Amino acid sequence: MKFLFLLAANIKRKKIRTFLTLGSYFTAFLLFGLLSAIKSAFNQGVDVAGANRIVVGNKTSIIMPLPISYMEKFFELNGVKNVTYASWFGGYYKDPKNFFAQMAVDSYTYFDVYSEFKIEKNQFLDFMKDRQGCIVGKKTAEKYGFKIGDKIPIIASVWGGVWEFNLRAIYTGTKPEDDLTQFFFHASYLEERRPWGKGMVGWYIVEIEKPELAFSISREIDSIFSNSPYETKSDTEKAFALGFVKQIGNIELIILSIGAIVFLTLLLVTSNTMELSVRERSAEFAVLKTIGFSDSLLYFLTISESLFYSFMGGSLGILVAKLFTLKGDPTGGFLPVFYISMNQMVLGFLLIFVFGFLSGILPARRVYKLRIVEALGRI
Amino acid sequence: MPVPVTYSLNSIKARKTSSTTAILCIAGVVCVFVAVMAMANGFSKMLKSTGLENNLIILRKGSSAEMMSVISKEQFKAVGDINLVKRDKSGNPFISGEIVVVAPFFHKATKTNALAQVRGVQTAALGVHRQVKIVKGRFFREGMYEFVVGKNAANMYEGLEINKEVKLGGRTFKVVGIMESDGSLYESEVWCDLRLLQETYKRPLNIVSTIFLTLKTKSDFSEFKKAVEKDPRLNLDVKTEKEFFEEQSRVITTLIRILGFLVAMVMAIGAVFAAFNTIYSSLAARTKELATLRAIGFSPLSIIGALLFESLIISFCGGFLGCLLSLPLDEFSASTLNFQSFSQVAFTFEISFSLLLQGMLFAFIIGISAGSLPAIRSTKLKPSDALREV
């Protein structure tokens, strides 16, 4: 501790250099934060997928419907806890740019199966009483300024015309990765108003008692309906979500390669800067050694200096990235979530430590091995 | 007297680690910059070639995507009767009613079932989508369970090769042709007979999703639009193909632009820091050397010139290396999700000469901005002070 002033003096020695080194760490870890937010945004569907939920869709194509009569057959299966269904509505609010998912759901069962969505009891009862009621996620409600009781007109791309809904409830999530942008309304209202496609639903979600049963139950469901006019394709919710993420592109690979380039360069730069700064000060280190500083103390001091840079610059970078993500999705609503998870923060600080340490090792070794006579003899 | 060029070259050689670091930094940023731009350029080129001059697309009012639109046979006829539509010698209009659905096929790269856009058309479609050409095999015959597959779709999915049979909705289709269309969206699609697709997807036969048509001249657009709006039977939206496909790509281009730009910008700032840091440190360590140069009579200006020349060489090497590293990406074919229909679209990275020049320019900007300040500063010190510095 008593050598803190020495550390401080070294850091203040070349202000520009200190600033630049901090800046390098800052940008690298700012980027780290942004990349992890992008990654979680794309993986959102996978992260929230329940291991005990199976999605049952039409085998020919997910855009084709399934008959409502299947619901009872699912309940007959062993290991099935609950069943619900949903249909894609495919509309928009005022302008196609206002992008959030609307779904007609079986209001009696949907929120039991998706128990992670929290709705106030009174609001939910109001929703159940109103034929044209709807439930909207907190994020969408905030974005468009929807308040309980508002009439929300949705332009129906598929069914035509403008459909009016009354906002009865706003749901919140239990985890930061829960999608709070969706819009739900009664399937019975869709059924009543749409001119065709009656008696059909978009897809079923089957909740099972134990995740281990997922494979056998999926197989069983698909075999029951094989060779019927509406064959099914069942998958765990996770596999279903993962399929979509994979289709967007190999985001993991892009992020990993950018990250690798950035961090390797960072290591090169900071280690080189430390090296140069140490070389420049070799006469000073020689003097310190002459007056009795041990080799290992100087080794330790050099490493601490490097750790100081990485810690100050890096944590500021992560902090700014965190603040940036708190402001919300930069694409204006195309990403369902945009946040840096706790795990990623911890990983970031771990990396800060590792990189501070690695950048310091070579220069510190040079200091450790420095021979007084040579160093003082150098021009 | 100017400082000899060999001085700059030798000093780069003498400080191998610093020079390499600076070169690698710049190379990394230039490579990412070129790659992001090549991706955005490739995607927008793919959509541009999908929209043709004087071609229009018509959807039901309020529909934001082809898959969501519904147009009746009567409406289709009424549109075709409008006088402004181009006609062939026997008086038939260049108009094509199509339905668009998605179907799962096995995607080779991700080893999962991915959705491909399937378009049901009639032979008339070839007259309207003039960029579509059959490069292998033939077009499907009406009434036959046959597929014509876009070049990219054939590459992306397993089993969509010529003469192979594919199951869809309990029916077996045979792939009879491969089509190309200047890299447009259609190259990621599968085409088949309109009526059979309607049957397979249990759609009513008197309904299509979209109408494509060709106008006599481009300038007829607003007049045509008025004619459609005037007709009370036609509750339809008219757009030029160019306008429509640009709208369709909004999600993807916004994602690439905003996220790609964000990442590239932060990287560029980081690179300026890094290059600045390296060049600055290497100059700072050379205070004595530069003071010696001053002492033996070189003017400050010529020393600045030599130092700038040094950073130029470094940024040239970095930029060149970065461009070189990005070159294998040219023509690299990537595919992503079309957020309007959740189907796969393929496009190729486009690295043009001017993009490479931009990359080099980017490198020079980083190099000069990182090199100039330390260069000027290094000459401000009095040689006598600098030489005495410990």
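The model shown is predicted, which means the values in this text are computed figures rather than measured ones.

1. Here's the deal with the overall build of chain A
And then number 1: When helices and strands are counted, chain A shows 14 helices and 12 strands.
And then number 2: Taking 21 Å as the expected radius of gyration for a compact globule of 379 residues, we find that chain A reaches 29 Å, considerably beyond that expectation.
And then number 3: By its C-alpha atoms, chain A is 95 × 45 × 30 Å across when sized along the principal axes.
And then number 4: Looking at chain A as a whole, 41% of its 379 residues are labelled buried.
And then number 5: Pairs at least 24 residues apart make up 82% of the contacts formed inside chain A by residues separated by at least 6 positions.

2. Quick word on the domain arrangement of chain A
Residues and elements named next belong to chain A.
And then number 1: Domain annotation for chain A reports domain 1 (4-45 + 249-377) and domain 2 (53-209).
And then number 2: Here domain 1 and domain 2 have C-alpha centroids that lie 47 Å from each other.
And then number 3: Taken together, the eight residues of domain 1 in the interface contact six residues of domain 2.
And then number 4: By residue class, the composition of the side of domain 1 that touches domain 2 is four nonpolar, four polar and no charged.

3. A word on the nonpolar core
Burial of nonpolar side chains together is a common tendency in soluble globular proteins.
And then number 1: L31(A), I26(B), V30(B), V34(B), A116(B), F147(B) and A275(B) are the most contacted members of the largest nonpolar core, which totals 199 residues.
And then number 2: Top contributing element to this core by residue count: helix α2 (residues 16-50) of chain B, with 20 residues.
And then number 3: With residues near it in sequence (within four places) discarded, V34(B) still touches G322(B), C323(B), S326(B), I351(B), L355(B), L356(B) and G359(B).
And then number 4: Formed by eight residues, the second largest nonpolar core is a distinct cluster that contains L298(A), L301(A), I303(A) and A364(A).

4. Some remarks on the environment of D237(B)
Residue and element names in this part refer to chain B.
And then number 1: Take D237: it is sitting in strand β12 (residues 236-240).
And then number 2: With 18 C-beta atoms packed within 10 Å, D237 lands in the partly exposed category.
And then number 3: Between the C-alpha atoms of D237 and I57, which are 180 residues apart in sequence, the distance is 8.3 Å.
And then number 4: Setting aside its immediate chain neighbours within four residues, D237 contacts I58, L59 and K61.

5. Quick word on the domain arrangement of chain B
All names here are of chain B.
And then number 1: Taken as a whole, chain B is organised into domain 1 (5-48 + 250-335 + 349-388) and domain 2 (62-234).
And then number 2: Look at where the C-alpha atoms of domain 1 and domain 2 centre, and you get two points 49 Å apart.
And then number 3: Taken together, the five residues of domain 1 in the interface contact five residues of domain 2.
And then number 4: Only α2 and β13 (333-338) provide two or more residues apiece to the side of domain 1 that touches domain 2.
And then number 5: Looking at the side of domain 1 that touches domain 2 element by element, the count peaks at three residues for α2.

Analysis parameters
Residues numbered from 1 in each chain as written. Chains lettered and ligands numbered in written order. Predicted model: local features only at pLDDT ≥ 70, side-chain atom pairs only at ≥ 80, totals over all residues. Helix = DSSP H or I, 4+ residues; strand = E, 2+ residues; numbered from the N terminus. Rg over C-alpha atoms; globule rule 2.2 N^0.38 Å. Buried ≥ 20, exposed ≤ 12 C-beta atoms within 10 Å, placed from the backbone. Contact = placed C-beta atoms within 7 Å. Domains from an automatic or database assignment. Nonpolar A, V, L, I, M, F, W, Y, C, P; charged D, E, K, R; others polar. Core = buried A, V, L, I, M, F, W, Y, C linked by C-beta atoms within 7 Å.

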